[in-house]
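# Results of the structural survey
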Number of protein chains: 2
Amino acid sequence: MGWCGHLATHLSAHPAMASLLRAAATWGLFPWRGYCSRGTQGELSKGFVEALKAVVGSPHVSTAAADREQHGHDESMHRCQPPGAVVWPQNVEQVSRLAALCYSQGVPIIPFGTGTGLEGGVCAVQGGVCINLTHMDRILKLDPEDFCVVVEPGVTRKTLNTYLRDSGLWFPTQAQTPRSAAWWPRQPPAPMLCAMARCGTTCSTWRWCCLAAGCFTPPAPAGTSGTLGLITAATLRLHPAPEATVAATCAFPSVQAAVDTTVHILQAALPLARIEFLDEVMMDACNRHSRLTCSVAPTLFLEFHGSERALAEQIERAEEISQHNGGSHFFWAKEAEERSRLWAARHNAWYAALALRPGCKGYSTDVCVPISRLPEILVQTKEDLKASGLTGAIVGHVGDGNFHCILLVDPEDAEELRRVKAFGEHLGRRALALHGTCTGEHGIGLGKRQLLQEEVGAVGMETMRQLKATLDPRGLMNPGKVL
Amino acid sequence: MGWCGHLATHLSAHPAMASLLRAAATWGLFPWRGYCSRGTQGELSKGFVEALKAVVGSPHVSTAAADREQHGHDESMHRCQPPGAVVWPQNVEQVSRLAALCYSQGVPIIPFGTGTGLEGGVCAVQGGVCINLTHMDRILKLDPEDFCVVVEPGVTRKTLNTYLRDSGLWFPTQAQTPRSAAWWPRQPPAPMLCAMARCGTTCSTWRWCCLAAGCFTPPAPAGTSGTLGLITAATLRLHPAPEATVAATCAFPSVQAAVDTTVHILQAALPLARIEFLDEVMMDACNRHSRLTCSVAPTLFLEFHGSERALAEQIERAEEISQHNGGSHFFWAKEAEERSRLWAARHNAWYAALALRPGCKGYSTDVCVPISRLPEILVQTKEDLKASGLTGAIVGHVGDGNFHCILLVDPEDAEELRRVKAFGEHLGRRALALHGTCTGEHGIGLGKRQLLQEEVGAVGMETMRQLKATLDPRGLMNPGKVL
């Protein structure tokens with residue numbers, strides 16, 4: 001818990017609470033049953049829905065089909081499985097009471113943020129209650145001298161940085177975590193901060209930035225996706241806002257040249273704030289979608305932070321390194337507006353890729369390998385793509401060996417869907433063979449459970465199962481995911 | 001496990017193994033019993049000692065009183081409780097077989113590094129076998145392009161950095177982790193790298209630097225002290241060796257001025273490599289013990305890394321800030337030899353403090369508070385010291401609010417011992433009241449179990465107990481510590 005034990009702590013799935021609730025149920029304190037009929041993934045009983053309303057108030061409970069469907073899927077191609085009800089708690093006490101209610105009645109709990117996940121983590125595979133945490137969006141406490149802030153789960157990165165604007169501090173920004181500047185968190189496109197913690201990304205930098213969370217369970221190595229508890233608050237480490245910032249793009253003749261440049265920049269200990277790789281397909285998509293005029297070639301997006309003087313030196317050395325590797329001159333974005341435009345394009349890569357085949361769904365791979373193996377796996381992946389006939393664009397957090405191949409798939413085309421899944425599994429196994437992982441940041445969710453087994457082995461799986469059973473003995477926290 | 005799943009993985013206390021062993025014992029595969037007589041903390045049976053020898057070879061097992069006593073205590077004032085035998089395994093297979101043997105016979109296992117702990121973590125409170133890991137001292141794999149190295153638990157920081165000398169990389173150095181350079185690990189005086197992981201310091205930076213460990217169990221929030229498993233290998237993150245390094249000391253008129261300087265330097269985002277605080281008592285002790293000629297005043301030790309140009313700028317701004325807060329001119333140590341001398345003095349602070357009252361033992365407190373509360377707790381602690389009549393010197397990892405008050409105590413003086421313990425508990429509670437923690441890096445061990453309860457509460461303790469029981473169902477991993 002560290003020195004942030006002052007946080008509101010809530011342990012929804014804790015055995016102590018479970019025992020209490022079992023006792024309460026035995027004593028007849030909960031006269032109704034959660035489901036109309038046990039064993040079906042169906043409707044929740046009227047009495048149970050009334051009980052949910054008694055906790056959060058009628059306006060904050062919905063059993064409408066539209067709400068349930070909207071909460072049964074994320075941005076991935078995993079099929080929608082709607083929960084029996086959606087509930088919007090307003091505070092930690094309500095979350096606690098909701099969890100108690102569900103636990104006592106054996107009703108699954110599925111935490112929900114903004115639905116931007118990519119691994120089907122929010123699908124209600126066994127029905128249950130979706131707990132949407134977006135209404136808990138208060139910034140609870142800012143300690144500028146201690147460089148930290150306590151936020152509720154509904155606070156987004158943008159909201160937080162707007163709030164921090166006059167404090168001289170910030171929560172580091174959008175995309176990437178190069179290894180040398182490891183305290184930048186790697187962040188998904190538009191999510192809530194606590195959802196990022198909830199997803200339990202493998203990214204150690206996120207764990208580092210998240211000093212404490214109002215939930216005992218730490219992010220597990222393979223993405224807990226809300227399977228161990230609900231996060232009701234998080235203490236985040238802040239950083240001094242940089243004196244100056246510049247961003248640049250640089251085109252390369254090959255993937256190898258771009259990755260070599262990255263490694264050499266890291267070896268030179270230049271304090272990069274971000275470094276992102278986009279392949280030529282992705283650059284083409286971004287040019288069209290975000291109206292850029294970049295070269296259609298393997299490209300690095302870079303950002304440097306520091307004092308004016310330090311920046312001048314960093315930039316000079318980085319450009320030297322990149323030209324040594326055959327890169328183009330840097331295209332600079334020094335003004336805030338131009339920088340925003342550049343990073344917005346990178347941020348919108350998912351949507352740019354989707355626009356390559358309108359009407360299609362996206363499926364993103366998420367492997368991560370030691371950086372030395374990155375060129376070979378990228379080259380192999382591009383060959384596999386060509387051979388498969390699938391449409392895919394690549395974007396990589398090249399600083400730590402993580403990249404995404406965004407595949408476009410017609411959801412009506414079962415055969416294409418099968419090929420896309422097979423491609424993802426094949427790529428996952430390739431990464432494992434290179435001492436990598438099947439998931440750098442998106443988590444396991446629904447689709448990578450088999451790959452997780454291959455990655456951590458039987459003993460690893462059994463240990464995770466036992467830890468899950470210890471913290472969630474009835475198996476009600478987001479069941480069917482990860483394990 | 002991340003992308004370092006290629007590590008040898010060993011789960012000594014894992015239930016799957018436990019079941020196997022229980023079965024083996026039932027089947028009569030282990031005909032002798034571990035203890036001569038159950039329930040006494042005594043001698044191990046001859047048959048059991050022979051079995052230990054069969055695993056590691058006779059020269060690597062000792063039941064000699066001297067060896068047992070040497071392994072029954074660390075550098076703290078906690079009383080020696082020797083194990084029944086000391087065993088030096090040579091490789092992971094032997095560790096695995098030793099663990100299996102002990103587990104099958106219900107014999108406690110106490111992992112041992114270099115014995116530099118300060119919380120009695122190695123005391124064999126229920127007897128058992130001490131597993132000394134110092135003979136496992138190989139550097140298993142260096143991946144310079146991936147900035148990581150895999151080491152066995154007996155590798156020390158110095159050995160590793162000597163090994164890395166020509167690679168252009170290093171494992172960041174001795175002492176402190178200021179918040180702005182958070183990827184430097186904070187390190188105890190002279191321990192083995194894996195012992196640092198084993199201790200499970202609360203220091204998030206250490207977790208960050210340790211990419212993977214050959215043991216499933218992650219360092220827990222309050223110091224696991226070998227209570228969850230044995231670490232047989234760790235993958236460490238390396239960093240480019242800095243182009244240039246300078247160190248400096250600076251004396252201040254007050255504790256407040258020194259801490260203010262630290263906060264202002266952090267706010268200015270100057271990439272400090274280390275920043276350490278020593279009070280006037282400690283400075284006096286270091287002057288004598290390490291033949292320095294520093295002012296006897298609250299003092300900061302600082303170190304900056306970077307390019308020559310960047311350093312010039314950093315130094316200038318840091319000196320400006322410190323003088324603004326009433327600090328002296330910086331005393332610079334630019335040459336490697338001079339720097340080493342300075343940091344050796346800081347490193348030897350523990351021994352310098354011990355030399356203040358020859359023949360006495362040391363007791364180190366280890367509280368950590370939000371940095372904004374550091375001046376008040378330091379001032380209060382110095383007042384308490386004066387009122388108590390105890391001798392104590394203070395050294396602080398001021399960058400993140402952690403400091404140690406090293407108290408000198410005559411081990412024959414029961415009354416003084418009582419007062420020292422009371423002082424430590426009082427300080428721990430003061431830190432908790434300021435939203436701090438009773439342990440910044442030394443762990444809970446034997447002496448802080450009560451404070452841990454006050455810090456994490458009943459639910460936190462119960463959760464830890466349950467997780468411990470899941471991973472170590474027979475309670476044989478370093479029993480009697482932490483929980």
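In the nomenclature of an unreviewed UniProt entry, chain A is known as D-lactate dehydrogenase (cytochrome) of Zalophus californianus. Database annotation for chain A, UniProt heading Cofactor (unreviewed entry): "FAD". The UniProt entry for chain A carries this comment under Sequence similarities (unreviewed entry): "Belongs to the FAD-binding oxidoreductase/transferase type 4 family."

The next point concerns the overall build of chain A. Secondary structure summary: chain A contains 15 helices and 17 strands in total. With 483 residues in all, chain A has 62% of them scored as buried. Taking contacts inside chain A between residues at least 6 apart in sequence as the whole, the part at least 24 apart equals 71%. Surface summary for chain A: the accessible area is close to 17,200 Å², and the carbon and sulfur share equals 52%.

Once that is clear, we can look at the sheet that holds strand E2 (residues 85–87) of chain A. All names here are of chain A. Strand order in the open sheet made by the 4 strands is E1-E2-E4-E3, with mixed pairing throughout. Where the open sheet ends on each side, the last strands, each with one partner, are strand E1 (61–62) and strand E3 (109–112). As defined by bridge partners, E3 adjoins strand E4 (residues 129–132) across 4 bridges and the pair is classed as parallel. Looking at the pairing, phenylalanine 112 lines up with asparagine 132 of E4.

Another point: the sheet that holds strand E12 (residues 272–278) of chain B. Residues and elements named next belong to chain B. Within the open sheet, the 7 strands sit side by side as E14-E11-E13-E12-E16-E17-E15. Their pairing is antiparallel. In this open sheet, the two edge strands, each paired with only one partner strand, are strand E14 (331–333) and strand E15 (361–364). Sheet twist, expressed as the mean angle between neighbouring strand axes with direction ignored, is 20°. Across 3 bridges, the pairing between strand E11 (residues 244–251) and E14 is antiparallel. Across the sheet, the residue bridging to alanine 247 is alanine 333, located in E14. The sheet strands contacting helix H11 (residues 336–347) are E11, E12, strand E13 (299–306), E14 and strand E16 (391–397), and the helix crosses E11 at an angle near 50°.

The next subject is helix H15 (residues 449–471) of chain A. All names here are of chain A. Here H15 is 23 residues long, yet its end C-alpha atoms lie only 20 Å apart, well below the 33 Å a rise of 1.5 Å per residue gives. Along its length, H15 shows its largest kink, about 110°, at glycine 457. Three or more residues of H15 are buried, namely Leu451, Leu452, Glu455, Val456, Gly460, Met461, Thr463, Met464, Gln466, Lys468, Thr470 and Leu471.

Residue and element names in this part refer to chain A. Inspection of the secondary structure puts arginine 449 in helix H15. When its relative accessible area of 30% is taken as the criterion, arginine 449 is described as partly exposed. Contact partners of arginine 449, with chain neighbours within four places excluded, come to Ile444, Gly480, Lys481, Val482 and Leu483. Here the side chain of arginine 449 touches leucine 446 through a polar contact of 2.9 Å, landing on its backbone oxygen.

Right, let's get into the nonpolar core. With 58 residues, the main nonpolar core has Leu374 and Ile377 of chain A together with Leu160 of chain B as its most contacted residues. Here the element with the most residues in this core is helix H8 (residues 255–267) of chain A; it accounts for 7 residues. With near-sequence residues (within four places) excluded, isoleucine 377 of chain A lies in contact with Val367, Val369, Phe403, Leu427, Arg430, Ala431 and Leu434 of chain A.

The next subject is the side chain of glutamate 303 of chain B. Take glutamate 303 of chain B: it is sitting in strand E13. Under the relative-accessibility criterion, glutamate 303 of chain B is labelled buried at 3%.

Turning to unusual backbone geometry, a few remarks are in order. Residue and element names in this part refer to chain A. Here the phi dihedral of alanine 269 falls at roughly 60°; this positive angle occurs in a residue that is not glycine. As for its position among the elements, alanine 269 is in the loop between H8 and strand E12 (272–278). For alanine 269, a relative accessible area of 39% translates into the label partly exposed. The phi torsion at valine 482 lies on the positive side, around 65°, for a residue other than glycine. Mapped onto the elements, valine 482 comes out in the segment after H15.

The side chains of a regular strand alternate, first on one face of the sheet and then on the other. Residue and element names in this part refer to chain A. For strand E17 (residues 402–409), the tally of buried residues reaches 8 of 8 residues, placing the bulk of the element in the interior. Burial of E17 is two-sided: the residues Asn402, His404, Ile406 and Leu408 facing one way and the residues Phe403, Cys405, Leu407 and Val409 facing the other way are all buried. Relative to E17, strand E15 (residues 361–364) runs antiparallel, the two sharing 4 bridges. If you follow tyrosine 363 over to E17, its bridge partner there is leucine 407. Sheet analysis places strand E16 (residues 391–397) next to E17, joined by 7 bridges and oriented antiparallel. Across the sheet, glycine 392 pairs through a bridge with leucine 407, a residue of E17. Taken together, E16 and the strand that follows it, E17, pair antiparallel across an intervening segment of 4 residues, in which glycine 401 is found at a positive phi of about 80°.

What follows deals with helix H9 (residues 280–290) of chain A. Note that an α-helix has 3.6 residues per turn; residues three or four places apart therefore point the same way. Residues and elements named next belong to chain A. Taken residue by residue, H9 has Met282, Met283, Ala285, Cys286, Asn287 and Ser290 as its buried positions. In the core, the buried residues of H9 are packed alongside E12, strand E13 (299–306), helix H11 (336–347), helix H12 (349–354), E16 and E17. The N-cap of H9, judged by a side-chain oxygen 3.2 Å from the amide nitrogen of valine 281 a few residues on, is aspartate 279. Phi turns positive one or two residues past the end of H9, at arginine 291, with a value near 50°.

In total, this model carries 42 salt bridges over all chains according to the counting rule given. Between arginine 373 of chain B and glutamate 376 of chain B there is a salt bridge, with its nearest N and O atoms 2.9 Å apart. What you see here is one network of salt bridges that share partners, running through Glu119, Asp366 and Lys448 of chain A.

Between helix H10 (residues 308–324) of chain A and helix H10 (residues 308–324) of chain B, the least distance of the axes is 10 Å, while the angle of their chain directions is 165°. In terms of their interaxial angle, H10 of chain A and H10 of chain B are classed as roughly antiparallel. Judged by the sense of rotation from one axis to the other, the crossing of H10 of chain A with H10 of chain B is left-handed. Between H10 of chain A, through Arg309, Ala310, Glu313 and Glu316 of chain A, and H10 of chain B, the contact on the second element is made entirely by Arg309, Ala310, Glu313 and Glu316 of chain B. Across the contact of H10 of chain A with H10 of chain B, the residue classes tally to 2 nonpolar, no polar and 6 charged.

All names here are of chain A. Counting across every chain of the model gives 4 aromatic pairs over all chains. For the pair phenylalanine 301 and tryptophan 343, a centre-to-centre distance of 5.9 Å together with 70° between the ring planes defines the contact as edge-to-face. Of this pair, phenylalanine 301 sits in strand E13 while tryptophan 343 sits in helix H11, and the two are 42 residues apart along the sequence. Take phenylalanine 301 and tryptophan 343: they sit in the same class, and that class is buried. Between arginine 274 and the ring centre of tryptophan 343, over which it is positioned, the NZ or CZ distance is 3.8 Å.

Residues and elements named next belong to chain B. Taken across its 7 residues, E12 has 7 buried, putting it largely inside the fold. One ladder, built from 6 bridges, connects E12 with E13; its direction is antiparallel. Along E13, the bridge assignment pairs leucine 278 with threonine 299. Here E12 runs beside E16; their pairing, made up of 2 bridges, is antiparallel. Paired with leucine 278 across the bridge in E16 is valine 395.

For the rest of this paragraph, the subject is the packing of helix H13 (residues 374–388) of chain B against helix H14 (residues 414–433) of chain B. Residues and elements named next belong to chain B. Interaxial distance between H13 and H14 falls to 11 Å at its minimum, and their mutual angle equals 160°. Of the possible angle classes, the one that applies to H13 and H14 is roughly antiparallel. Judged by the sense of rotation from one axis to the other, the crossing of H13 with H14 is right-handed. Judged by residue contacts, Ile377, Gln380, Thr381, Asp384, Leu385 and Ser388 of H13 engage Arg419, Phe423, His426, Leu427, Arg430 and Ala431 from H14. Tallied by class, residues from the contact of H13 with H14 come to 5 nonpolar, 4 polar and 3 charged.

Further remarks concern the environment of leucine 140 of chain A. In this fold, leucine 140 of chain A is placed in strand E5 (residues 139–143). Apart from residues no more than four positions distant in its own chain, leucine 140 of chain A is found in contact with Val150, Val151, Glu152 and Ala233 of chain A.

We now examine the environment of lysine 421 of chain B. Here lysine 421 of chain B shows up in helix H14. Remark: the alpha-carbon pair of lysine 421 of chain B and threonine 365 of chain B, spanning 56 residues in sequence, is separated by 9.6 Å.

Reading the values: the criteria
Residues numbered from 1 in each chain as written. Chains lettered and ligands numbered in written order. Predicted model: local features only at pLDDT ≥ 70, side-chain atom pairs only at ≥ 80, totals over all residues. Heavy atoms only, no water. UniProt positions renumbered as here; feature names shortened; annotations may be inferred. Helix = DSSP H or I, 4+ residues; strand = E, 2+ residues; numbered from the N terminus. Buried < 20%, exposed > 50% of the residue type's maximum accessible area, 1.4 Å probe, protein only. Contact = heavy atoms within 4.5 Å. Areas by Shrake-Rupley, 256 points an atom, 1.4 Å probe, with all protein chains shown as cover. Pairing = 2+ DSSP bridges. Axes fitted to C-alpha atoms, helices over the stretch in contact; angles between N-to-C directions. Expected span 1.5 Å × (residues − 1). Bend = angle between axes of the 7 residues up to and from the residue. Polar contact = N/O pair within 3.5 Å; in protein donor to acceptor, adjacent residues only side chain to side chain. Core = buried A, V, L, I, M, F, W, Y, C linked by side-chain atoms within 4.5 Å. Salt bridge = Lys/Arg side-chain N within 4 Å of Asp/Glu carboxyl O. Parallel < 35°, antiparallel > 145°, perpendicular 65-115°, else oblique. Left-handed = near helix turned anticlockwise from the far one by under 90°. Nonpolar A, V, L, I, M, F, W, Y, C, P; charged D, E, K, R; others polar. Phe/Tyr/Trp six-rings, centres within 6.5 Å; stacked < 30°, edge-to-face > 60°. Lys NZ or Arg CZ within 6 Å of the ring centre and 35° of its normal.

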